[in-house]
Amino acid sequence: SDQPIRFADNPVVAHRGAWKKNNLPENSIAALKEAIRLNCTGSEFDIHMTADDTLIINHDPHYNNLLVESTTYRELVKTPLSNGEKLPTLREYIRAGLENNKSTMLVCEIKPSRISKERGKMIASKVVQLVRDMKAQNMVMYISFDYDMVLKIREVDPNAHVQYLNGEKSPEQLKADNVSGLDYHYSVFRKEPGWIGSAKQLGLALNVWTVNDAPGLEYFLSQGFQYITTNEPELLFEIIKQKKSR
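Residues numbered from 1 in each chain as written. Predicted model: local features only at pLDDT ≥ 70, side-chain atom pairs only at ≥ 80, totals over all residues. Heavy atoms only, no water.

Section: the packing of helix H9 (residues 214–222) against helix H10 (residues 233–245)
- Running from amino to carboxyl end, H9 crosses H10 at an angle of 55°, the nearest separation of the two axes being 10 Å. Relative to H10, H9 is oriented oblique. Of the two possible hands of crossing, H9 and H10 adopt the one that is right-handed. Residues Ala214, Leu217, Glu218 and Leu221 of H9 pack against Leu235, Leu236, Ile239, Ile240 and Lys243 of H10. (Axes fitted to C-alpha atoms, helices over the stretch in contact; angles between N-to-C directions. Helix = DSSP H or I, 4+ residues; strand = E, 2+ residues; numbered from the N terminus. Parallel < 35°, antiparallel > 145°, perpendicular 65-115°, else oblique. Left-handed = near helix turned anticlockwise from the far one by under 90°. Contact = heavy atoms within 4.5 Å.)

Laid out in structure tokens, this is it:
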């Protein structure tokens, strides 16, 4: 399974899956499947760990008003998502993402722990281990706001593709720490346009979040970003199509 996967030849990363157009729950397996159906190069999702060490997919630290980190999985799972789907575990989510998918990268955002930095690093290790157990390493990219988590992922899997989210570190520092790329908020690249050129020179992947308007999408396309993370994957595909037909 060490063959590199040929991901779809587009920069479209569906943010929390392709949920918006069809009114699907964010981070649901249905939204992931829709991103795969659209042939996005990536589909992003968020990981937290419950009080009893179950890795689950949810964006906020709370689910149904319960703090995920201090609630058991059994308690959380009593409330279904708005489409009736069960709150997915990471294992279920990855299994769904491997099914009939040869083109869409699974972009795992591991959320920082509110309990401790140590717990955060432990969560990162557990995620990488689970991905390895499922032989999904080639399908996965990791992203995090917590730099210690980023370094922990790199330590546990020297070959992992891992990008940093927080936006304050220069491409040179990321390169020095062997981080694969920068996935920064669009305002960072507007403030530090020089970082785009530096990243390219250093061979770092460029990713930007979360760009939802046509002018923004066009700008980052014109800058040659490898990945553009968006809640509007259909709009980005439309813009790419128009560009090609010009």
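Some points on the nonpolar core
- Residues Ile47, Leu90, Ile110, Val127, Tyr142, Phe189 and Ile228 are the most contacted members of the largest nonpolar core, which totals 58 residues.
- Examining the composition of this core, we find that six residues originate from one element, helix H4 (residues 117–133), more than from any other.
- Beyond its immediate chain neighbours, meaning those up to four positions away, Val127 contacts Ile47, Leu55, Leu90, Ile110 and Tyr142.
- By size, the runner-up hydrophobic cluster in this structure holds eight residues, among which are Val107, Leu165, Ala205 and Tyr227. (Core = buried A, V, L, I, M, F, W, Y, C linked by side-chain atoms within 4.5 Å. Buried < 20%, exposed > 50% of the residue type's maximum accessible area, 1.4 Å probe, protein only.)

Overview of the layout of surface pockets
- Estimated volume of the second largest pocket: approximately 190 Å³.
- In terms of lining residues, the second largest pocket is bounded by Pro25, Glu26, Asn27, Ile57, Asn58, His59, Asp60, His62, Leu81 and Ser82. (1 Å grid on protein atoms, 1.4 Å probe; cavity = no way out; pocket = protein on both sides within 12 Å on 5 of 7 lines; lining within 4 Å. Points joined across faces, edges and corners; volume = space filled by probe spheres on them.)

Topic: the environment of Gly84
- Relative to the assigned elements, Gly84 resides in the loop between helix H2 (73–76) and helix H3 (90–98).
- The exposed category is assigned to Gly84, whose relative accessible area is 55%.
- Sequence separation between Gly84 and Gln129 is 45 residues, and the spatial gap between their C-alpha atoms is 29 Å.

A closer look at the pattern of salt bridges
- Considering all chains together, one arrives at 15 salt bridges under this definition.
- Measuring nitrogen to oxygen at the nearest pair gives 2.8 Å for the salt bridge that ties Arg37 to Glu34. Taken as a pair, Arg37 and Glu34 lie in helix H1 (residues 29–37) at a separation of three residues, close to a single helical turn.
- For Glu34, a relative accessible area of 11% gives the class buried.
- In this structure, the salt-bridge partner of Lys111 is Asp46, at a minimum N-O distance of 3.8 Å. Residue Lys111 is located in the loop between strand S6 (105–110) and H4, and its partner Asp46 is located in strand S2 (residues 42–49); the two are separated by 65 residues in the primary sequence. Residues Lys111 and Asp46 agree in their burial class; the two are buried. (Salt bridge = Lys/Arg side-chain N within 4 Å of Asp/Glu carboxyl O.)

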